[in-house]
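# Geometric and topological summary
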Amino acid sequence: MGMEDGNAPPPKLFSDALHDDMQQTLLILEKRIANGPGSVTSFELDDLNDRTERIVKQMREYEEGQISESTIPEPIAAMEELTSVIEEPSVPSHEEVEYAPVIDQMRKKLEVEDDDQLRIAASNMDATKVSELLGAGFEMDEETTDAAFWSVVDAVDRAEQADQPLSADVARMLHHIFDADQIHLQKREKISMNITCKQPDDTQGMEGAARRMNYIFDDSSHKDLPLKDGRCCEGGACCDKCSRNIFPTFATDAESSLETFPEIATLSFNELETVSSSTILQFVRLVERVRRTIAHEYGLPLNTILPLQAYSRKYVAGTTQRGGGGGEGDFVTLHTDEATHSGYHYSCVIYLSTQGDDFEGGDFVFNDPAEEGDEPTEDEIVALQSMPIEEQMRRSGRKLTPFHPSRGAAVIFSSGWENMHEVEKITSGVRYAVPCFFTTCPVPEAAYEQMAQGKPQTDEEIADDWLHLLLAHRKESPMESVGRVKELLMKWNMLCSPLDQH
């Protein structure tokens, strides 16, 4: 029994598919207008683009007579409905309208800004989308890089809680973070000084003595050692350019915060069972930033540079250091890093506390032979004479260049005899720093063959190494710890660089 004409439904102006496209498009646009930039996800943006393309396609088909008027709304009415949402002041007449430009204007008004797209993708651990946007020429700003870092931390913690392997996206996102960090650092202040490379003068029979010099030697034995020009760089491939580089803001306040990363002040790679994932990843991030800076400053291929040692160092006023690096003490005697370990080719110290706020004293000092023109002034001579005899002897015939540590700053330099240095006595407070040392000695291929899992061949295997070598919070014996750290340092470039850079 048919309906009477008075009760008949109105003509259907929308096809079901077009009706859905129109409704969903309006919902996305209304969300963007109500909540502002960044409120539309990358998935919703892609969906918006697909739906508007279909709307334009059907409008064109209608104009060309390919579909009937009963299956599509009056084109101008449809455009009015859409453009009113984005506050378009007017819409062209039916005869004048060109749909593609109007839709293009709509997208420009409502589409998430590219930086917002990148930030949303980074926050959502969408490494594929981040790669796509970076490949299109966009850059991760510091806010986006920070969002990416915390998304990685969250992904790692969730995987551990669920006892699941790490996603390959963790490795990919970390690579993007490291790349972005280096771009940001190159825009910050840097103070550089090129100097002549030096090594012990073996013509005077001192080479053996130089190799035996370490923290047990006194200042006079070290500073009086005869030197000649040139690098030693035993077993490595250092460049012949030696220098000193100071970065007043190597790390931001947020990146070097002991409140956010409390364990970073006492961290070593050997004891990670109770260290938070965020602190481990931040420590690695800083060390990797140093490695990339060395490659950039000295023109070396990144894959030829590996860390040999990196740890947090605590200096406490009134304490005495026992042994080499890592132990507490209130000063460090004059030394050369290459003398303590022949594989140390480049060195860095990152500071986690500020002189004058957290401690007094404790200058990092480059100690060089005085040259002609370096004679002290009369005022300096008077000041020197008032100092203890030990200090007068320390300064005699030397040129001292102090650096006053501040949190987030770093000093990066070649490890040879051209860069003798020391740390002056801490007179009060606690001074935290991260010394790290890098080598250009290659890893023997046989070493990888002896590993349970050798060189990673996929992003999934890189993620597995991140978990096994750094992020699995497990109890281990001292021997297990030593083996893990050794493998970590040998695989460092493979963890921190994409596959095509291994």
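Residues numbered from 1 in each chain as written. Predicted model: local features only at pLDDT ≥ 70, side-chain atom pairs only at ≥ 80, totals over all residues. Heavy atoms only, no water.

The protein chain is annotated in an unreviewed UniProt entry as Fe2OG dioxygenase domain-containing protein from Cylindrotheca closterium.

Right, let's get into the packing of helix 11 (residues 277-298) against helix 16 (residues 459-471). Relative to each other, helix 11 and helix 16 sit at 105 degrees, their axes nearing to 11 Å. When the axes of helix 11 and helix 16 are compared, the pair comes out roughly perpendicular. Contacts from Ser277, Ile280, Leu281 and Val284 in helix 11 reach Trp466, Leu470 and Leu471 in helix 16. (Axes fitted to C-alpha atoms, helices over the stretch in contact; angles between N-to-C directions. Helix = DSSP H or I, 4+ residues; strand = E, 2+ residues; numbered from the N terminus. Parallel < 35°, antiparallel > 145°, perpendicular 65-115°, else oblique. Contact = heavy atoms within 4.5 Å.)

Residue-level pLDDT values for the protein chain average 83, and 79% of them are 70 or greater. Scored below 50 in pLDDT, residues 1-6 makes two contacts in the model with residues more than four places away or belonging to other chains. Confidence drops under pLDDT 50 across residues 72-76; counting only partners more than four residues distant or on other chains, this segment forms 21 contacts. (pLDDT = per-residue confidence, 0-100.)

Tallied over the full model, the rule gives 13 aromatic pairs. Where phenylalanine 366 meets phenylalanine 413, the ring centres are 5.4 Å apart and the plane angle is 90 degrees; that geometry is what we call edge-to-face. Of this pair, phenylalanine 366 sits in strand 10 (residues 364-369) while phenylalanine 413 sits in strand 12 (residues 410-414); the two residues are 47 residues apart in sequence, bridging distant segments of the chain. Residue phenylalanine 366 shares its accessibility class with phenylalanine 413, and that shared class is buried. Taken together, Phe149, Trp150 and Phe261 form an aromatic cluster joined through their ring pairs. A cation sits over an aromatic face here: arginine 231 above tyrosine 346, 5.3 Å from the ring centre. (Phe/Tyr/Trp six-rings, centres within 6.5 Å; stacked < 30°, edge-to-face > 60°. Buried < 20%, exposed > 50% of the residue type's maximum accessible area, 1.4 Å probe, protein only. Lys NZ or Arg CZ within 6 Å of the ring centre and 35° of its normal.)

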